[in-house]
Amino acid sequence: MCALVAGQRGRSVALLEHNDRVGRKIAISGGGRCNFTNLGAGPGNYLSGNPDFCRSALARFTPWDFLALVEKHGIRYHEKKLGQQFCDTSSREIIELLLAECANGGVEIVTNARVHSIQRLEQFAIKTSEADYACDSLVVATGGLSFPKLGATSFGHDLARQFGIDVIAPRPGLVPLTWTPSELARWKSLAGLSLPVVAKTGPASFHESLLFTHRGLSGPAILQISSFWKPGQPISFDLLPDHPGESWLGASRQSGETIRQVLSRLWPQRFAEEWTRHHAVEKPLGHCRNPEIAAVTQCLHAWSPDLQGTEGYPKAEVTLGGVNTSELSSKTMESRKVSGLYFIGEVVDVTGWLGGYNFQWAWASGHAAGQVV
């Protein structure tokens, strides 16, 4: 995005890609259909040490601006849910869009370009495995540490530190969580089961699906809440978000059913069996005293199992932290310390929610820098 905007302004642009082809992370996103933006994207959908930093770039290149590009290239798309926009066919179409726009701007794309060193002389001097380059403006768009199999490295963070620019300690975001050993023994047989929940930690709350895995928990609710969670903090789950209070269980008291049988109407049966084994008595609801009903209801709406950690960068969709936003201009993304040095996208301490928000930050921040480099 940055290259095509700069190139179409008449700038001479070289895009250095250390993989054998561009857009490998785009290619796998959204199950191969690329959740390329979210119509609701705004500052409130991003985590950062400075929550207002992303405001300027997002306002100047909106989801509708990217949709205009998508429509210009005849790419068919659809809204899945909650403003999420997906290609109808393949994420490859988004890569081809970007390549076509780069070609229109005369951008030189160099693949398999491994950077060996960067120095700031009169210009930036860049030595790579393919050639040496000199430039007035150097843009770092190298992403974070997520998906190392796709070539993710700490290059961008290391380069920032080389130039004395502060980096907020990175950690995995939008990532599955793992059980403690005792919880693993209790729940591992439920791998593959899914149910709607509200996941909460601190002030953050997401009403999405939870998925049991062989090692812990995943699904949209977990990926979302993981960006706000740190080991040792509690996460609570409302397991019946659409049936609040004691009255729902109380209404079944005359049925002769047990709590497990009642919950089996809404949950997968195996989960109802396992959960009630640990959190409810196996007797007809009509035989349960009011305090017992109240205790079960409390646990249903605030289940808080023990979670140990995350699946780490190999399974994380994004990297939290990165180049400290206090070091950058929010309008241009240029370093305040090093003239001509810019940082955009995921390498910066701006991380979006699940659902197309991180792509929109990539487009917006790239556009902001591309207008001025």
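Everything below is about the structure shown above.
Below, the structure is looked at part by part. (Residues numbered from 1 in each chain as written. Predicted model: local features only at pLDDT ≥ 70, side-chain atom pairs only at ≥ 80, totals over all residues. Heavy atoms only, no water.)

## Overview of helix α12 (residues 290–301)
Here comes step 1: Here α12 contains 12 residues, and its C-alpha end-to-end distance of 17 Å stays within 8% of the 16 Å for a straight helix at 1.5 Å per residue.
Here comes step 2: Of all the positions in α12, only Glu292, Ile293, Val296, Thr297, Cys299, Leu300 and His301 are classed as buried. (Helix = DSSP H or I, 4+ residues; strand = E, 2+ residues; numbered from the N terminus. Expected span 1.5 Å × (residues − 1). Buried < 20%, exposed > 50% of the residue type's maximum accessible area, 1.4 Å probe, protein only.)

## Considerations on the nonpolar core
Here comes step 1: Phe66, Ile94, Leu341, Phe343, Trp361 and Trp363 are the most contacted members of the largest nonpolar core, which totals 63 residues.
Here comes step 2: Considering every element that reaches this core, the biggest residue donor is helix α13 (residues 357–370), with 7 residues.
Here comes step 3: Ignoring anything within four residues of it in the chain, the contact list for Leu341 reads Phe124, Leu138, Val140, Phe163, Ile165, Met333, Glu334 and Ser335.
Here comes step 4: Within the second largest apolar cluster, 39 residues are counted, among which are Ile225, Leu239, Leu249 and Val262. (Core = buried A, V, L, I, M, F, W, Y, C linked by side-chain atoms within 4.5 Å. Contact = heavy atoms within 4.5 Å.)

## Notes on the pairing of strand β7 (residues 115–120)
Here comes step 1: In this sheet, strand β8 (residues 124–128) lies alongside β7 in antiparallel orientation, the contact comprising 5 bridges. Bridge pairing in β8 places Gln119 opposite Ala125.
Here comes step 2: Joining the antiparallel neighbours β7 and β8 is a turn of 3 residues. (Pairing = 2+ DSSP bridges.)

## Remarks on the sheet that holds strand β13 (residues 194–201)
Here comes step 1: Taken in spatial order, the 6 strands line up as β16-β13-β14-β15-β12-β17 in an open sheet, and their pairing is antiparallel. Each edge of the sheet is formed by a strand with only one pairing partner; in this case those strands are β16 (236–238) and β17 (307–310). When strand polarity is set aside, the average angle formed by the axes of neighbouring strands in this sheet is 40°.
Here comes step 2: Taken together, the 3 bridges between β13 and β16 define a ladder with antiparallel strand orientation. Bridged to Val198 within β16 is Asp238. (Axes fitted to C-alpha atoms, helices over the stretch in contact; angles between N-to-C directions.)

## Observations concerning the packing of aromatic side chains
Any two aromatic rings considered together are summarised by their centre-to-centre distance and by the angle between their planes.
Here comes step 1: Inspection of every chain in the model, using the stated rule, returns 19 aromatic pairs.
Here comes step 2: Measuring from ring centre to ring centre gives 6.4 Å for Trp179 and Phe212, while their planes differ by 35°; the resulting arrangement is tilted. Taken as a pair, Trp179 in strand β12 (residues 177–179) and Phe212 in strand β14 (residues 204–212) lie far apart in primary sequence, 33 residues in all.
Here comes step 3: Accessibility expressed as a relative area gives 1% for Phe212, which makes it buried.
Here comes step 4: Ring plane angle 40° and centroid distance 6.5 Å describe the contact between Trp187 and Phe212, whose orientation is recorded as tilted. One end of the pair, Trp187, is in helix α7 (residues 181–187); the other, Phe212, is in strand β14, with 25 residues separating them in the sequence.
Here comes step 5: Here the aromatic cluster, defined as three or more aromatic residues joined through ring pairs, consists of Trp179, Trp187, Phe212, Phe237, Trp267, Phe271, Trp275 and Trp303.
Here comes step 6: Sitting above the plane of the Phe86 ring, Lys80 keeps its charged end 5.2 Å from the centroid.
Here comes step 7: Cation over ring: Arg120 sits above Phe124, and NZ or CZ is 4.4 Å from the ring centre. (Phe/Tyr/Trp six-rings, centres within 6.5 Å; stacked < 30°, edge-to-face > 60°. Lys NZ or Arg CZ within 6 Å of the ring centre and 35° of its normal.)

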